[in-house]
Amino acid sequence: MFTELLTRALDDPEITTALAASGAPAAKELREAAAEQRDRILSQARGAEEEYVRAVARQREDDRGRRLVGRLTAIGTASSIVVTLASAAMTGWSTELEAAFAERRPVSPVTVAGTALGMLVGIAAIAAIAAFVTWWASALLSEGVRAGDPAAEDRQLTRTLLVPAGVAAVLTAAMLGVSAERVVWQFTHGRPPGADEATTWGVWVILGALAIFGGTFLGWSSEMLPGMREGEGERLDRLLTAWHEALYESTLGFVRGEISTRTARRYATTLTIGRDTGLRKSRGLDFHVDTEADARLLVTSQAMDGGSIALAGPRGAGKSEVLARFCRPDDAATVLSVEVTAPVAYDRREFMLLLLETLCERVIESGLTSAEEARRLLGRIRYQHTRAREANVGVGWGGWGLSAKHGTSLARQPMTYPEIVRRLKDFLTTVANEVNRADQGRRLVIGIDELDRIAPSTAARDFLNELKVVFDVPHCLFVLSVSDEALRDAELTPLDRRDAFDSAIDEVVRVGPLDYHTALRLLDNRAVGMPAPFAALFYCLSGAIPRDLLRTARAATALVTPERPRSLTEVTAALVRRELARTAGSAPATGDAPQELLQFFHADLVAAHGGLSRLAGHLATQSAATPGAGRLGATLVNRACFLDTVEQIFVDGLDQESITRAAEPGFPGSFAALARAQRETGVADVLARSSLERIRRAWGLPAVPSLA
């Protein structure tokens, strides 16, 4: 499969075009490189693979059950046919023997066969009448059937088949028991039994025949059993397709990156990349690029037997991907991972139940010896059981009666919160110890994503307070993605007083913005041959935040068609207009005077003031004259200066020497400094202003307007 997908990736139009360019590597080199990195490429689609493998395992169990039920159904069907024929034959012999004994004549085989056939026809007629009555009774009593509801019509058909079959089975079993008893008596005694000479063993024959018919009916209705439903095959096909597509995207991303690495970086100022690239997919591990945060998390975790690690960073920095990558390593034998997402509205009881339920499901899927305990816990979590037993004894005669009744009822009450926590901690300990015993050094990893979603921040702090009671399980590591706000609160806590966050988290791993070269690798995995000027433009406008980097690149490539490439100046102007619209659009429809300053970022007003550089000076003057606009004015001046800086630098005249110089972090006007100024604007405007002054000085641009 990997070979086929690699061939498909190399035949992709985007790749064939890139390989046709001068200096591009040969397809053979890419095949060899992909073969060497096969495990890493496969690991990026591990989530989709595991989901498919689990579904296949369940399907195999279902297939075994289906085959067993099929065999039992075939045996039951054959036995039912034999019972029916035996009942007809016994009825014919019983009737004919009685007539032969009464008339003192030999038995006629033709009469026996005729009577047997008549019995079969009679039972069939009775079953047909029962079917007719059942059909029309359902039509009269069911509003759904009269309204044409397909589900109601299906139930009507099921009843119409089962009721006549049941009637026929009861009649056939009764005829078999009675006739067999009479035939055996007549052969034994040479005469029909008298009124007071009947035996009762025929009842057991009737019950045995009914058991055979009942088992056959259950086999026929086996589609009601778990795993026997329609659509399982379609679901497997969908999961297999999803796995193939995830692996294909991962392979394609690897090929793109290899081409970009083995080919000299392009410094063209014309963008010719089409829309059909890896930029279409916004999330997932298919194109994951290992960052410094990945390495720090791995090193930090290896030094810990258990406990908790927080992944902290700004929104969009890639905390979720780092967490998912850590929970799904290349070597799946090193960890048993469970991933859950923190809820927006935090409820401690519901979340603990969700975590316990997810852990149980993962243990069952992994086939650990504690799977049986996991199944019991799942039943305890999911269901509220009520069991009742009742017994009645009664006697009566002549209108008088005596009865006695005894009953017991047991209702299972919901688990209390302390009980849930205790069970979770005990089961975590059981699973972690089993995982560690099976493979020394292997651990249980619990990943909890998107704590940023819990609002307000006090709720996130309460969440950690509740969760930390299970953080001390040996061989069990908790990895949580947390907000920068929580991290700042913890770091600013006075030394003599520990914050809830500080007391719950053992280690903090910072997931920061990308450096310039890592951002290039990320773009290379998404699009072949991204020219360096455009990659630098996207990097600066995004503030080096991965999510914004991809959004900006996607917006730029959407402007390009095969018939209409775009110059660097055009793309820069379009992206700056996009940023202006976002800034102006954040202004409220009705607000105070400071908020009205945002309206100056409408494109027509920017043009009316002579461009962004002059607008910055006008905003500085206006903010000084507007009461209460000091802080917002500083932010808007920085914003205007930042966009003006981008617009002045990224023009068609930007050459390779300037790009190479700005790619170095030590240069005062580096791309990293410009991206940092983007992140600082509105958060730390004093630092942003200082950064912009150095950057504009390094590029020979006018100074930032002074603020009153």
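Note: the structure precedes this text.
Described in the following lines is the structure provided in the data block. Worth saying up front: this structure is predicted, and the values here are computed from it rather than measured. (Residues numbered from 1 in each chain as written. Predicted model: local features only at pLDDT ≥ 70, side-chain atom pairs only at ≥ 80, totals over all residues. Heavy atoms only, no water.)

1. Quick notes on the overall build of the chain
Point 1. The helix and strand inventory of the chain stands at 29 helices and nine strands.
Point 2. In the chain, which comprises 708 residues, the proportion classed as buried is 44%.
Point 3. The contacts of the chain with a sequence gap of at least 6 include a subset with a gap of at least 24, amounting to 75%.
Point 4. Of the accessible surface of the chain, which amounts to about 36,100 Å², a share of 57% is contributed by carbon and sulfur atoms. (Helix = DSSP H or I, 4+ residues; strand = E, 2+ residues; numbered from the N terminus. Buried < 20%, exposed > 50% of the residue type's maximum accessible area, 1.4 Å probe, protein only. Contact = heavy atoms within 4.5 Å. Areas by Shrake-Rupley, 256 points an atom, 1.4 Å probe, with all protein chains shown as cover.)

2. A few points about unusual backbone geometry
Point 1. A positive phi angle, close to 50 degrees, is found at Arg104, a residue other than glycine.
Point 2. Overall, Arg104 belongs to the exposed group, its relative accessible area being 79%.
Point 3. The backbone phi angle of His475 is positive, close to 65 degrees, even though this residue is not glycine.

3. Comments concerning a positive patch on the surface
Point 1. A surface patch of positive charge is lined by Arg60, Arg64, Arg67 and Arg71.
Point 2. Tracing the chain through its elements places Arg64 in helix α5 (residues 46-103). (Patch = residues over 30% accessible without salt bridge, like charges linked within 9 Å, V, L, I, M, F, W, Y side chains within 5 Å. Salt bridge = Lys/Arg side-chain N within 4 Å of Asp/Glu carboxyl O. Lys, Arg positive; Asp, Glu negative; His and termini not counted. Charge placed at Lys NZ, Arg CZ, Asp CG, Glu CD.)

4. Regarding the pattern of salt bridges
Point 1. Scanning the model with the defined rule gives 21 salt bridges in all.
Point 2. Of the charged contacts, one joins Glu419 and Arg380 as a salt bridge, the two residues approaching to 4.0 Å between their closest N and O atoms. You can see Glu419 sitting in helix α15 (residues 417-438) and its partner Arg380 sitting in helix α14 (residues 371-382), a full 39 residues away along the chain. Like Arg380, Glu419 is buried.

5. Thoughts on the pairing of strand β7 (residues 476-482)
Point 1. Of all seven residues making up β7, seven are buried, and the element is well covered by its neighbours.
Point 2. The two faces of β7 match: Cys476, Phe478, Leu480 and Val482 on one face and Leu477, Val479 and Ser481 on the other face are all buried.
Point 3. Relative to β7, strand β6 (residues 443-449) is paired through five bridges, and the arrangement is parallel. Each residue of the ladder has a partner; that of Ile446, found in β7, is Phe478. (Pairing = 2+ DSSP bridges.)

6. Side note on the nonpolar core
Point 1. In this structure, Leu537, Phe538, Phe650 and Phe671 are the most contacted members of the largest nonpolar core, which totals 68 residues.
Point 2. No other element matches helix α20 (residues 532-542), which puts nine residues into this core.
Point 3. If we skip the residues at most four places from it in the chain, Phe671 touches Tyr516, Ala536, Tyr539, Cys540, Phe650, Ile659, Ala662 and Ala663.
Point 4. Formed by 48 residues, the second largest nonpolar core is a distinct cluster that contains Leu355, Ala374, Ile446 and Ala460. (Core = buried A, V, L, I, M, F, W, Y, C linked by side-chain atoms within 4.5 Å.)

7. Re helix α21 (residues 546-557)
Count 3.6 residues to each turn of an α-helix, and residues three or four apart come out pointing the same way.
Point 1. The terminal C-alpha atoms of α21, which comprises twelve residues, lie 17 Å apart, in line with the 16 Å expected from a rise of 1.5 Å per residue.
Point 2. Where α21 is concerned, the buried positions are Pro546, Leu549, Leu550, Thr552, Ala553, Ala556 and Thr557. Relative to the axis of α21, the buried residues are bounded by an arc of 165 degrees and lie together on one face.
Point 3. On the buried face of α21, the contacting elements are β1 (270-271), α19 (516-526), α20 and α22 (568-585). (Expected span 1.5 Å × (residues − 1). Arc of directions from axis to C-beta.)

8. Thoughts on the sheet that holds strand β3 (residues 335-341)
Point 1. Spatial ordering of the open sheet is given by β3-β6-β7-β2-β8, a layout of five strands whose pairing is parallel. For this open sheet the edge positions go to β3 and β8 (507-510), each flanked by a neighbour on one side alone. Neighbour to neighbour, the strand axes of the sheet diverge by 20 degrees on average, direction disregarded.
Point 2. Sheet topology note: the strand β2 (residues 307-312)/β8 ladder contains four bridges and is parallel. Residue pairing across strands places Ala312 opposite Arg510, the latter belonging to β8.
Point 3. Where helix α11 (residues 292-302) meets the sheet, it contacts β2, β6, β7 and β8, and its direction lies at approximately 165 degrees from that of β8.
Point 4. This element, helix α12 (residues 319-327), spans β2, β3, β6 and β7 of the sheet and lies at about 160 degrees to β6. (Axes fitted to C-alpha atoms, helices over the stretch in contact; angles between N-to-C directions.)

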